[in-house]
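Chain by chain, the residues run as shown.
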Amino acid sequence: MPDRSCSKLLHALLPLLAAAGCDGCPSSRPYTPYTLGSAAPSGAPPPLSGVVPGAATAGPEADAGAPDAAAPRFAVVPSVPAPEGGKQWPLEGGPVAAAPTGRTFETGLLLDVDGDGARDLVAWARSPDGLRGELLLAPAARPQALRTLAALPGDLDAQGCTPRVGLSQIGPSALAFDFAPQCGGAHRGAAGTGPTRWIAVIRLPGPAAGAGAPPELALELRLRAPPAEEALSASLEVADRDADGRDDLIVSVGLSGALRPFPAPAGAASEIRAPLVFLDRPAGLSRDAAQPGEALRALAASLLRDARGKSTAPAVAASAQRLRRFHAALCADAERGAGATAGRDAARAGEALVWTGAGPVRCGEPGLAAAIDHAEAVAASTRGAPLAAIAALDRGGAEARTKEDGKLLAKLAPPATAAAVYRTAAAPQPTRTGAFGPLAFEASGALLVRTAQGVVRVDSATSTESATDIPPWPAAVHAGPAELVAVERRCDAPTLLALFRSSPDAVGEMEVPLPLLRGQGPRARPGAAAPERCAGTERLPFVPLAASERGFDIALGAALISIDLRAAAPASSALSFPLTTPAPQGAARSPDGATLAIPAAGGLLVATAGGAARLWTGGDLAQATACAPANGGARVACVAGAAAVIFEAK
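Source: prediction; values computed, not measured.

**Student:** Explain the overall build of the protein chain to me, and be specific about the residues and the numbers.
**Tutor:** Helix and strand counts for the protein chain come out as six helices and 39 strands. By residue count, 53% of the 650 residues in the protein chain fall in the buried class. Taking all contacts inside the protein chain whose residues are at least 6 apart in sequence as the whole, residues at least 24 apart take part in 58%. With the model as given, the accessible surface of the protein chain reaches about 26800 Å², and the carbon-plus-sulfur share is 55%.

**Student:** Just give me the short version of the state of the cysteines, but keep the residues and values in it.
**Tutor:** This structure, assessed with the given rule, holds two disulfides. Between the sulfur of C331 and that of C363 lies a disulfide, 2.0 Å long from S to S. Of note, the bridge from C331 to C363 carries an S-S torsion of about -80 degrees and is left-handed in sense. With C331 in the loop between α3 (316-330) and β18 (354-356) and C363 in the loop between β19 (359-360) and α4 (368-382), this residue pair connects regions lying 32 residues apart in the sequence. Owing to a relative accessible area of 1%, C331 belongs among the buried residues under this scheme.

**Student:** Would you mind going over the side chain of T424 in detail, with residue names and values included?
**Tutor:** As for its position among the elements, T424 is in the loop between β20 (415-423) and β21 (439-441). Residue contacts for T424: discarding those within four places in its chain leaves V458, E465, A643 and A644.

**Student:** Give me the pattern of salt bridges: which residues, what numbers.
**Tutor:** Under the counting rule described, the total for this entry stands at 33 salt bridges. For D129, the salt bridge is made with R132, and the minimal N-O distance between the two is 3.8 Å. The salt bridge involving R489 is made with E538; its shortest N-O contact spans 2.9 Å. In this pair, R489 is assigned in strand β26 (residues 482-490) and E538 in strand β29 (residues 537-539), connecting sequence segments 49 residues apart. Classification of R489 by relative accessible area gives buried; the value is 5%. Shared partners join several salt bridges into a network, and the residues in it are R432, E483, E488, R490, D492, R501, E509, E511 and R539.

**Student:** Which residues make up the nonpolar core, and what are the values?
**Tutor:** Looking at soluble globular proteins, one finds that nonpolar side chains tend to be buried together. Of all hydrophobic cores here, the largest spans 95 residues; its most connected members are L556, I563 and L605. In this view, I563 contacts L484, A498, V512, L514, R550, G551, F552, I554, A571 and S572; residues no more than four positions away in its chain are not counted. Core analysis: the second largest hydrophobic core is formed by 20 residues, L109, L111, L152 and F179 among them.

**Student:** Could you give me a rundown of the pairing of strand β31 (residues 551-556), with the residues and numbers involved?
**Tutor:** The side chains of a regular strand alternate, first on one face of the sheet and then on the other. Burial analysis of β31 places six of its six residues in the buried class, the great majority of the element. Here strand β30 (residues 543-547) runs beside β31; their pairing, made up of four bridges, is antiparallel. In the sheet register, A547 faces β31, and the bridge partner there is F552. Hairpin connection, β30 to β31: the antiparallel pair is bridged by three residues. Here six bridges tie β31 to strand β32 (residues 559-564), and the two strands are oriented antiparallel to one another.

**Student:** Before we move on, could you go through the packing of aromatic side chains and cite the residues and values that matter?
**Tutor:** All chains considered together, the criterion is met by four aromatic pairs. Summarising the aromatic geometry, the rings of W124 and F179 are spaced 6.3 Å apart at their centres and angled 55 degrees between planes, so their arrangement reads as tilted. With W124 in strand β7 (residues 120-126) and F179 in strand β11 (residues 174-182), this pair connects stretches of sequence that are 55 residues apart. Seen from their ring centres, F177 and W198 are 6.1 Å apart, and the 65 degrees between their planes marks the pair as edge-to-face. Taken together, the positions of F177 in strand β11 and W198 in strand β12 (residues 196-203) put the pair 21 residues apart, joining distant regions of the chain. Of the residues examined, F177 reaches a relative accessible area of 0% and is grouped as buried.

**Student:** Provide a residue-level description of the sheet that holds β30, including the pertinent values.
**Tutor:** Neighbouring strands of a sheet are bound in pairs by backbone hydrogen bonds; such pairs are parallel or else antiparallel. Reading across the sheet, the four strands line up as β30-β31-β32-β33 and stay open at both edges, with antiparallel pairing between neighbours. Among the strands making up the open sheet, the edge pair consists of β30 and β33 (571-574). Between one strand axis and the next, the sheet turns by 25 degrees as a mean value, whatever way the strands run. Where β32 lies against β33, four bridges are found, and the strand directions are antiparallel. Note on β33: the bridge partner recorded for I561 is A574.

**Student:** Mind laying out the sheet that holds strand β9 (residues 147-151), listing which residues take part and the relevant values?
**Tutor:** What the five strands build is an open sheet, ordered β3-β6-β7-β8-β9; its pairing is antiparallel. On the outer flanks of this sheet lie β3 (80-81) and β9, each paired with one strand and no other. In terms of strand pairing, strand β8 (residues 133-138) meets β9 through four bridges, oriented antiparallel. Residue L137 lies in a different strand from β9, and its bridge partner there is R147.

Reading the values: the criteria
Counting of residues starts from 1 at the beginning of each chain's written sequence and follows it residue by residue. It should be noted that, the model being predicted, local features are given only for residues of pLDDT at least 70 and side-chain atom pairs only at 80 or more, the latter also being counted only at that level, while totals for whole chains, interfaces and linings use all residues. Only heavy atoms go into the side-chain values, all of them from the structure, while hydrogens and water stay out. Secondary structure counts use DSSP, requiring at least four H or I residues in a row for a helix and at least two E residues in a row for a strand, with both numbered from the N terminus. Exposure classes here rest on a 1.4 Å probe applied to the protein chains alone. A residue is buried below 20% of its type maximum, exposed above 50%, and partly exposed in between. Between two residues, a contact is recorded if the distance between any of their heavy atoms is within 4.5 Å. We get accessible surface area from the Shrake-Rupley algorithm with a probe of 1.4 Å; when it comes to residues, only the shown protein chains can shield them. Count a disulfide wherever a pair of cysteine sulfur atoms falls within 2.5 Å. What counts as a salt bridge is simple: a side-chain nitrogen of Lys or Arg found within 4 Å of a carboxyl oxygen of Asp or Glu. Each nonpolar core is a collection of buried residues, namely Ala, Val, Leu, Ile, Met, Phe, Trp, Tyr and Cys, held together in the definition by side-chain atoms within 4.5 Å. Here, any two strands with at least 2 DSSP bridges between them count as paired. To pair, rings of Phe, Tyr and Trp, with the six-membered ring standing in for Trp, must have centres within 6.5 Å; the planes then decide the type, stacked if under 30 degrees apart, edge-to-face if over 60, and tilted in the middle. To get an axis, a line is fitted to the C-alpha atoms, and for a helix only the part in contact is used. The angle between two axes follows their N-to-C directions and goes from 0 to 180 degrees.

What follows is the structure, given as structure tokens:
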């Protein structure tokens, strides 16, 4: 079924893209956009898109009397293949342009570049392997005086790939050259590790520049390869956006597909787009700071509208993740805490896949992530999923929450003050984060404490501690022969990863992508802000909830996730509350499995199926770990120091 929420979300962007194509002023001149989504084979023109989304159909309010209402669009002029052999290119009137030593012409355009009335040659001259080359100008008057308009950057890694190129005139004063390495699966890895597409926009001199004025490189774009499940596209269009008589450049960037394990969108929701706008100034192209921020804000606002509707709210979570991913792919400052990025080699800044000659794109939308989180929380609340709503509100930490977020959180999980009612003499056996804890309630309300010597029972009525012959439950989280080892945030992976061993004697660890993007999930140090730049690998705290032959159920903050190991390729998905799996001893669940006690939102979130969730704070809870609730959630036991402490909430 089509994703109605994302479809509406995309519709919200259409007027913005239409504005990018035509500013509505009589002097504006829209031209057919040049699409770079899928390069055609060498020597053939890339595919062309006839209209900018949203600009194709004029509504009933369009001004039919505007002077340019029926103005013809510029017909994109594709290049032609070089003459056989590619060593020489005859020009009109007899002159011949010769390719430089070690190069052959591959494709080119004949047009009057310098205003002298004769058609000059602009051609791509490549090395024998096609992985190096230059875009050259051969003036008709002096074809031997070759001039380099743009050279393929030496740091583009396309080894083992087949280069495909396209060259077209996209407007009266603009050419676009597209170098797109076509690579097999061995060259496609995590975001940004595959080949990079390079696009050069050449600005032709206008009449005011005078005869003989040379063309110039106006803009470079780099589109770094996303993971194989995604596709990144761009279309170029020239239009006088600001009515100053000069043709500006609009680059509409699109991302389609979906990272594993997110479901792939269908139909109109298959691609999400936003424009980058470059205004033509006497000194060169200058990026309009309003975009893509305006488009991204419009998409987030559309999410919030859908979040409030009963019929549209269920689709918002998937649409929100797609918008987060698009934001991260387009903007170097998308991740919370992202610091300034300087220079071409800075960073793999965030997960940004789009770079200009000046470096990665900075969108300047620090509140966008919080707006997306809020929309997702509202949608979860609308559909009656309080834990999912709390998980969304908690992603940015308390410092990112607005007053409205705080009110929603207090409604979903009213605060409760916890007080310690008993501290055990028995010392719980120490366990690592992510293991089954040493505490478990029985259905009677008695607490079991796993110690180094055995299991001790704490009577619920008298608080008497006594040794038992109950076998200690294991700390390791096993699903059959597989063991869950860790959850990681890595710089080279766009999603969080769960690591597990397939058997006790397995060499190495296997990984499963989780349905949380890299910037989501708790920090390794709870309460710590996101670092300014990604640094290696970070192991995250998680809480095991269940383990069986099927796989694992875990909590990352308030986000509940199921990891299914039954298929040949293990998969993960978001988990709904209440859980249907049995509750093992040591899990953060009550004996009947209906109550959870998990650290989230700056406290201990205690939620019971059919009842209200509450956020416990106070007492020793700030330092407590490995918590387990009793049936009904009236009591929670946690490890605090060298003892187990039983808490009740007021």
